[in-house]
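# Coordinates in review
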Amino acid sequence: MKKPEILFCIVLLITIPFLSGAQSSGKWKLVWSDEFNYEGLPDSTRWDYDTGGHGWGNNELQFYTESDTVSAKVTKGKLIITARKRSYEDSHFTSARLVTKGKGDWLYGKIEVKARLPRGKGMWPAIWMLPTDWKYGGWPDSGEIDIMENVGFNPDTIFNSVHTKAFNHTIGTQKTTGKAIQDVQGKFHTYSIEWFKDRIDFFIDGKKTFTFTNSGKGVEEWPFDQRFHLLLNIAVGGNWGGQQGVDEAAFPASMEVDYVRVYQ
């Protein structure tokens, strides 16, 4: 082999991996985001509220308020969701549950949220997704995707889960994993999913922690072929969050969100 041919092969071997990496890193296109670079209430073109204090199916103790900066506000580049001990309607605690329904609904894609979690027994923060159209029926038939859940009595563990008609906690078949992550209350971490037709991959700080695979056996196992929207909230107490009680000295307790980004 002549020297020019040798040089061409060397250049080719170096270039192909570089190009391959560039293509891989550029496969996602940003389609929706909130960087929270404003002040006041959450942007009403992006966020709405679930409201009420009826227990939310889990015997939760909080009342979710609406358009209330005591419970949810944007300041200094962060969204702050705060659970407080205060009487409101028939509840003794308030919080906020922000939703993108009707303002951000997606089928497949990458959803990434950078957040710092609240501290205290009885806190139950979540970053999660519910179906927009409920095509296959009420919960859990149409599915639920829990990008991040944490409970205050187990503060250093992050849970990733899905719920379907076949796989859910009410019948002890939920698909979930718990990952030990240091200092989720003191530091910001990124929580994300990459959702495809054949699987949902879960990540914490860019490291894959869990995969739920489409078995191909139908909607009882895989209802994730419909639009979903994003929810951000702190619940107080409840069947899981309140298993070891609620520390009233922990209030107020906040989840801070640095950004929300959705790619397809």
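Definitions and cut-offs
Starting afresh in each chain, residues are numbered from 1 along the sequence in its written order. Whole-chain, interface and lining totals are the exception, using all residues; otherwise, since this is a predicted model, local features are given only for residues with pLDDT of at least 70 and side-chain atom pairs are given and counted only at 80 or more. Computation of side-chain values covers all heavy atoms of the structure but excludes hydrogens and water. Confidence scores labelled pLDDT are given residue by residue by the predictor and lie between 0 and 100. Here, residues are in contact when the closest pair of their heavy atoms is within 4.5 Å. The rule for pairing is simple: two strands pair if DSSP sees at least two bridges between them. Put simply, DSSP H or I for four residues or longer makes a helix, DSSP E for two residues or longer makes a strand, and each gets a number counted from the N terminus. Cavity means a closed set of points on a 1 Å grid over the protein atoms alone, one where a 1.4 Å probe fits but cannot get out, pocket means an open set with protein on both sides within 12 Å along at least 5 of 7 lines, and lining means a residue has an atom within 4 Å of a point. Grid points are joined across faces, edges and corners, and a volume is the space filled by probe spheres set on the points. We define a salt bridge as a side-chain nitrogen of Lys or Arg found within 4 Å of a carboxyl oxygen belonging to Asp or Glu. Relative accessibility under 20% of the residue-type maximum defines a buried residue, over 50% an exposed one, and the middle range a partly exposed one, all with a 1.4 Å probe and only protein chains included. By convention, a stacked pair of Phe, Tyr or Trp rings (six-membered ring in the case of Trp) has centres within 6.5 Å and planes under 30 degrees apart, an edge-to-face pair has planes over 60 apart, and any other such pair is tilted. Working rule: Lys NZ or Arg CZ, within 6 Å of ring centre, within 35 degrees of ring normal, means a charge sits over the ring.

To continue, consider the confidence of the model for the protein. Detailed conclusions should not be drawn from predicted coordinates in areas where pLDDT is low. Considering every residue of the protein, the mean pLDDT works out to 92; 90% of them sit at 70 or more. pLDDT under 50 marks residues 1-25. Its contacts with residues more than four places away, or in other chains, come to 2 contacts.

Turning to the pairing of strand β16 (residues 207-213), a few remarks are in order. When strand β15 (residues 199-204) meets β16, the two strands line up antiparallel, connected through 6 bridges. Bridge assignment links I204 to a residue of β16, and that residue is K207. In this antiparallel pair of consecutive strands, β15 and β16, the connection spans 2 residues, and D205 shows a positive phi of 55 degrees.

The subject of this paragraph is the layout of surface pockets. Each pocket or cavity is described by its volume, and for the largest pocket that value is around 680 Å³. The wall of the largest pocket is formed by 27 residues, among which N58, W124, E144, E149 and H169 lie closest to the centre. Those elements that place two or more of their residues in the lining of the largest pocket are β10 (123-131), β11 (144-151), β12 (154-163) and β17 (228-236). Among the elements that make up the lining of the largest pocket, the one with the highest residue count is β10 (4 residues).

Time to look at the pattern of salt bridges. Throughout the structure, instances matching the rule amount to 13 salt bridges. Its salt-bridge partner being R97, residue D50 comes within 2.9 Å of it at the nearest N-O pair. Here the residue D50 occupies a position in strand β2 (residues 48-50), and R97 occupies one in strand β7 (residues 97-99), the gap between them amounting to 47 residues. Exposure remark for D50: the relative accessible area of 22% places this residue in the partly exposed category. Its relative accessible area of 9% is what places R97 among the buried residues.

Here L130 shows up in strand β10. Taking C-alpha positions, L130 is 6.7 Å from I145, a pair spaced 15 residues apart along the chain. Sequence-distant contacts of L130, defined by excluding residues within four places in its chain, comprise R97, G143, E144, R227, F228, H229 and L231.

The final tally for this structure, using the stated rule, is 18 aromatic pairs. An angle of 50 degrees between the planes, with centres 5.6 Å apart, marks the rings of F224 and F228 as tilted. Residue F228 is classed as buried on the basis of its relative accessible area of 0%. K110 extends its terminal NZ or CZ atom over the ring of Y263, reaching a point 5.6 Å from the ring centre.

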